[in-house]
Amino acid sequence: MLEGIDLQSLLEDYFYAEARALAITRLETSASLGIIDVEGPPTNDETDIVLGYLISRLVLAAADNQALVNYVALSEALRAERFLSSETDEDLVNIVNNLGIISVEFRNDIFNLNFIDYVKAASKLREGNWKLANRGVSEGIVSLERPVLIRLMREVIRQHLEELPEAPTEIKDQFEGTLDDLKSKISKTFTERIGGLNHVVNERQAEAMKELGRFDLAKAPPCFNLNLIDLQAGVNLPHPSRFFITTFLSSLNQDSESVMRLFATAPDFKESFTRYQVEHISGKTSGTQYSAPKCDTLVSTGVCPGPNTLCRLIKHPLSYYRVMAESEKSSTVRTERILLATLNKEEYPSKLLEENTEKIGKFDFSYPSNVAERKASAAINENECSKIKAKINYFRGNVYSVDLPNEERKAWITKASFNLKEGNNEFECIPLTDWKLALSIEEAFRKSKDIDLIVKPYEINFGDNDVRKLFLAVDLVEAS
Ligand code: SF4
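The structure displayed is predicted, hence computed values, not measured ones.

Bringing the pairing of strand β2 (residues 110–114) into the picture now. Residue alternation in β2 divides its side chains into a buried set, F111 and L113, and an unburied set, I110, N112 and N114. Where strand β1 (residues 104–107) lies against β2, 4 bridges are found, and the strand directions are antiparallel. Bridge pairing in β2 places F106 opposite F111. Connecting β1 to the next strand, β2, in antiparallel fashion are 2 residues, including N108 with a positive phi near 50°. The sheet contact formed by β2 and strand β3 (residues 141–144) spans 4 bridges and is antiparallel. Within the sheet, the bridge partner assigned to F111 lies in β3 and is L144.

The structure is reproduced here in structure tokens:
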């Protein structure tokens, strides 16, 4: 169907307008309703539907939004499951084997597959009957009845599409140019639509989160966010993930009713079972409030999707949440902690702190909307905020601690040290204690991307006649 079609025509030609519209319907209905509301022939032309599917994958890749990918993957998988149910046994085997992910054999009214394929396919369906031990394995083969195979295929397709698989070579060869070129062409054509899709996803997540009073999703670690996305996308979360979500939220003072309502927004919610689990884990019925597992445990049970830079500095997901709350501290406490992180002394530098705060007052993180754009080399000589574009030349996160005077405790500060580069000039920066900002800066460093920042210079006295001007990163300017 794609023969002779180039990307430009697919994206712009009037002839493919219907296919483009179907692509967007596919994505929009997946994101908002969890279904693919695209009618087959004769309402829609078959070629348009197939091309629409291809365009939807391109838009999805350009949108770069994992939650959207997960919603769409589940909707596509549910649609495929419906079609598979209407196939004959022989055709079902052919389709499953043609997908090339697992391979099945049909004999005596039963579908057989290798236990390795089964474990791979059912890895996220770990409860009850899905466990290998409850399925029965004979000589390395697992035997499934037709409805079970079809349900398993929903899972196989969902997982496959969640990884945004590459197109087959024949299709890839059709489109010239690097992946980045392709992505930017698609992003340009569908800018508004992608914005709209991201908005629908945010709304859907916000709907689920509004059950949770003072809980702030922006402070949650990747393990919580990704499991929540899975939950929302209808993944049957394995027990360790449910246990983690429940204990994590209970530790942050969310009551079991709120946690229940969060689980209730998932498509295959079973009230009595979930209520039993949540109330038991949160201590309402068991009398024991279980604590949230440490990172080590979450890694070994497969709940952790892989650490980000902040994760590498902490050992517990609750510490992650606490570090991310740094910007909520009072400005006096914040200023003291930033200065401690900047001065980096082995002993509490009472005198230097006093001298610096006398000169600086408090670090000010507010700035006017019409902040002037400047080169970093000019901004360093101003007394106000500037918007600059720069590269991050160096970034390192670490934990600094110092004994507090007259107290039997230490101040623990998780800080991000970094500096900026503009041409050949490097600019030292005040370490960040706000990791919401630090994570974006680290990403720009990792990807060697330019970053737009609001900065303000401050003169810091490090003692021993060492006085230097450093930039304070006040905020990140989001790309419009
Ligand atoms: S390292 Fe810890 S906090 Fe980070 S994602 Fe993994 S489990 Fe969560």
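The rest of the description comes next.
Moving on: the pairing of strand β4 (residues 386–403). Look at any regular strand and the pattern is simple: side chains alternate between the two faces of the sheet. Of the strand pairs in this sheet, β4 and strand β7 (residues 450–461) are connected by 6 bridges, and their pairing is antiparallel. Across the sheet, the residue bridging to A390 is I451, located in β7. Two strands pair when backbone bridges link them, and β4 and strand β5 (residues 410–422) are joined in this way by 12 bridges, in the antiparallel orientation. The residue of β5 that forms the bridge with V399 is T414. With antiparallel pairing between neighbouring strands as the criterion, β4 and β5 make up a hairpin whose turn holds 6 residues, including N406 at a positive phi of roughly 60°.

Turning to the domain arrangement of the protein, a few remarks are in order. For the protein, the assigned domains read domain 1 (7–103 + 119–125 + 146–194), domain 2 (217–323) and domain 3 (355–476). With 8 residues of domain 1 in contact, the opposing surface of domain 2 contributes 8 residues. A breakdown of the residues in the side of domain 1 that touches domain 2 according to their chemical character gives 4 nonpolar, 3 polar and 1 charged.

The rules behind these values
Residues numbered from 1 in each chain as written. Predicted model: local features only at pLDDT ≥ 70, side-chain atom pairs only at ≥ 80, totals over all residues. Buried ≥ 20, exposed ≤ 12 C-beta atoms within 10 Å, placed from the backbone. Helix = DSSP H or I, 4+ residues; strand = E, 2+ residues; numbered from the N terminus. Pairing = 2+ DSSP bridges. Domains from an automatic or database assignment. Contact = placed C-beta atoms within 7 Å. Nonpolar A, V, L, I, M, F, W, Y, C, P; charged D, E, K, R; others polar.

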